[in-house]
Structures are given as structure tokens and as C-alpha cells.
Amino acid sequence: MPTIAMNTSHMAAHAANFTGVTLSSSCDAVRSANTSCLMTICSGRLVLRGSSVSWVRGIPLRSLLCVVGASRLEVHNSEFSWNQARPLLVLNQSRVLLNASTISSNSVNGSGGGIYVMDKGNVTITGKSRVHGNNATMAGGGLYAMNYAWLLIDGNSSVSSNSALSGGGLATFDNVSITLTGGSSVQGNAALIGPGGGLVVWDSVNCTLMGRSRVHNNTAEGNGGGLYSSDSATLS
């Protein structure tokens, strides 16, 4: 059974925004981390099916659901939409599977409007999932990844119509591995000031595009409307 910690300062006011989700228990080990998250998965495996988390607003938090401590989250046929916080923060070797689900129209004051993954976190997006129409005030409108994170976008999934100052669709830094395959796409995203309308690939990132994947129709006010990379990045 998963162990879940709730931010009691804000959870009661927004419990009704979580449908198809049972909130329970707490874990003292992540109290300090949990102050920046509405709900934190501390250990074990949580599966969400047919769930909706939407219209969470007016909270001074950047993340709705944090996955930490090598725990696992599976999201199937679910939706995170119209929230004033990024839906997912993934770190500490935790793993997230997003299958046949949508992360759309969320916004964050910071990086990673839809998903932020770091510290060897692992995220797989598949089953025609959509990361669509999210906004970040810094980098990575759809997704932001750093510090040995791992991303796989597969199964005709899409990262589309997201915006940020740089890396409109995705921004990746510091030894991240990202693979786009299975007919998936990064399209229609915008970097509003800096580079990388579709993707920013920076600082020893390994980026692989294969299997009929596409990066197209993205725009940037800076360099690299589709993709912007540093000399230390590897593209294949």
C-alpha cells in the first residue's frame, strides 16, 4: 500500500477537486518536502484510474502531487487540468507512468508547467497521452527535467501548445536522457523570450528521436524554433 502525506494547510479546501482519488495517511519523513506539495506519495505504488484533478487554485504551492522516495505512480485514463500549480513533481529515483491521460491548461510560477522531474526520476508518457496547453513562467512549459532524470515519450503521445520563456514544450538540463518514439510529437509549442520552441537540450543531455517521432510547428523568439542544444548535448 502506498503511503501518502497531505499538506493539511491546504488539502481540506481542495479535497473536492480530487475525484476518483482516495487520500489517506501521512508520513513524517517528508513533512519538509510536503510543504511545497498538496499531496506527496512517500513510498509504495499508487494507481489512479479514471481520476480527475482540476481547478485547484489559490494555493501558494508549485506542485499538486509529488512522487518521492523511490515510490511509483501509475496514471491511467485520467486528467489534470486548469490548475494553478504543476500537476506532477517526480524525484529521488521515483517512477511515473502516464498512460492514455491528459495534462492540460495548468500553470506554474517557475519551471515545468505540466511535469517537473529531477534527481534520477523516471517518467514514461504513452498511450496517446497529451501534455497540452500548459504554461511556465520560466523554462519548460510542458515538461522540465534535470539532474539525471529519464524521459520516454511513446505510443503516439504529444507535447503540444505549451509555452514558457524558453523550452516551450520541454526543457532538459544536466545529464538527462530523453527519448521520443512511437509516432509521438512535440508540436505547436512556443518559447516566448528565449530559445527552443519545442525543446531545449542542454548540458550533457542525451536526446533520441526515432520511430516516426516529430518535432514540428514550434516557435521561439530566440534561437531554435524546433530544438536548441548545447555543444555538450548528444542528439541522435
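Residues numbered from 1 in each chain as written. Predicted model: local features only at pLDDT ≥ 70, side-chain atom pairs only at ≥ 80, totals over all residues. Heavy atoms only, no water.

Peer 1: Explain the nonpolar core to me, please; I cannot follow it from the model alone.
Peer 2: Across soluble globular proteins, you tend to see nonpolar side chains buried next to one another. Core analysis: the biggest nonpolar cluster contains 42 residues, and Leu73, Leu88, Val123, Ile125, Leu143, Leu151 and Leu170 have the highest contact counts within it. Beyond its immediate stretch of four places on either side in the chain, Ile125 contacts Leu98, Ile115, Val131, Leu143, Leu152, Ile153, Asp154 and Ser157. Membership of the second largest hydrophobic core comes to eleven residues, among which are Cys37, Leu91, Met118 and Tyr144. (Core = buried A, V, L, I, M, F, W, Y, C linked by side-chain atoms within 4.5 Å. Buried < 20%, exposed > 50% of the residue type's maximum accessible area, 1.4 Å probe, protein only. Contact = heavy atoms within 4.5 Å.)

Peer 1: When you look at the sheet that holds strand S18 (residues 150–153) in this model, what are you seeing that I'm missing?
Peer 2: The pairing of strands in a sheet comes from backbone hydrogen bonds and takes either a parallel or an antiparallel form. Sheet architecture is open: eight strands sit in the order S4-S7-S10-S14-S18-S22-S26-S30, paired in parallel fashion. Unpaired on one side and paired on the other, strand S4 (45–49) and strand S30 (234–235) mark the two borders of the sheet. Sheet analysis places strand S26 (residues 206–209) next to S30, joined by two bridges and oriented parallel. Each bridged residue has a counterpart across the sheet, and for Cys207 the counterpart in S30 is Leu235. (Pairing = 2+ DSSP bridges. Helix = DSSP H or I, 4+ residues; strand = E, 2+ residues; numbered from the N terminus.)

Peer 1: Can you help me understand the pattern of salt bridges in this one?
Peer 2: Any two side chains of opposite charge can pair, on the condition that their charged atoms come close. Per the stated rule, a full pass over the model turns up two salt bridges. Close ionic contact of Glu74 with Arg45 constitutes a salt bridge, the shortest N to O distance being 3.1 Å. Note that Glu74 is positioned in strand S7 (residues 72–76) and Arg45 in strand S4, a separation of 29 residues in sequence. The buried category is assigned to Glu74, whose relative accessible area is 10%. The shortest N-O distance in the salt bridge between Arg72 and Glu74 comes to 3.6 Å. Since its relative accessible area comes to 39%, Arg72 is described here as partly exposed. Put simply, Arg45, Arg72 and Glu74 are held in one network by salt bridges that share partners. (Salt bridge = Lys/Arg side-chain N within 4 Å of Asp/Glu carboxyl O.)

Peer 1: Can you help me understand the side chain of Asn162 in this one?
Peer 2: Its location among the elements puts Asn162 in the loop between strand S19 (158–160) and strand S20 (163–164). At 3.0 Å, the side chain of Asn162 and the backbone oxygen of Val131 are in polar contact. Contact partners of Asn162, with chain neighbours within four places excluded, come to Val131, His132, Gly133, Asn134, Gly141, Gly142, Gly168, Gly169, Gly188, Asn189 and Ala190. (Polar contact = N/O pair within 3.5 Å; in protein donor to acceptor, adjacent residues only side chain to side chain.)

Peer 1: How should I be thinking about unusual backbone geometry in this particular structure?
Peer 2: Of note, Asn175 is a non-glycine position whose phi angle comes to about 65°, a positive value. Among the structural elements, Asn175 can be located in the loop between strand S21 (170–173) and strand S22 (177–180). Even without being glycine, Ser204 reaches a positive phi, approximately 60°. Inspection of the secondary structure assignment puts Ser204 in the loop between strand S25 (199–202) and S26. Looking at Ser204, the relative accessible area reads 32%, which means it is partly exposed.

Peer 1: Help me out: how do you make sense of the packing of aromatic side chains in this one?
Peer 2: For any pair of aromatic rings, geometry is given as the distance between the ring centres together with the angle between the planes. Taken as a whole and judged by the stated rule, the model has four aromatic pairs. Their ring planes at 35° and their centres at 5.6 Å tell us that Tyr144 and Phe173 sit as a pair that is tilted. Of this pair, Tyr144 sits in strand S17 (residues 143–146) while Phe173 sits in strand S21, and the two are 29 residues apart along the sequence. By relative accessible area, which is 21% here, Phe173 ends up partly exposed. Their ring planes at 10° and their centres at 5.7 Å tell us that Trp202 and Tyr228 sit as a pair that is stacked. Of this pair, Trp202 sits in strand S25 while Tyr228 sits in strand S29 (residues 227–229), placing them 26 residues apart in sequence. (Phe/Tyr/Trp six-rings, centres within 6.5 Å; stacked < 30°, edge-to-face > 60°.)

Purely spatial values, then, with no claim about function.
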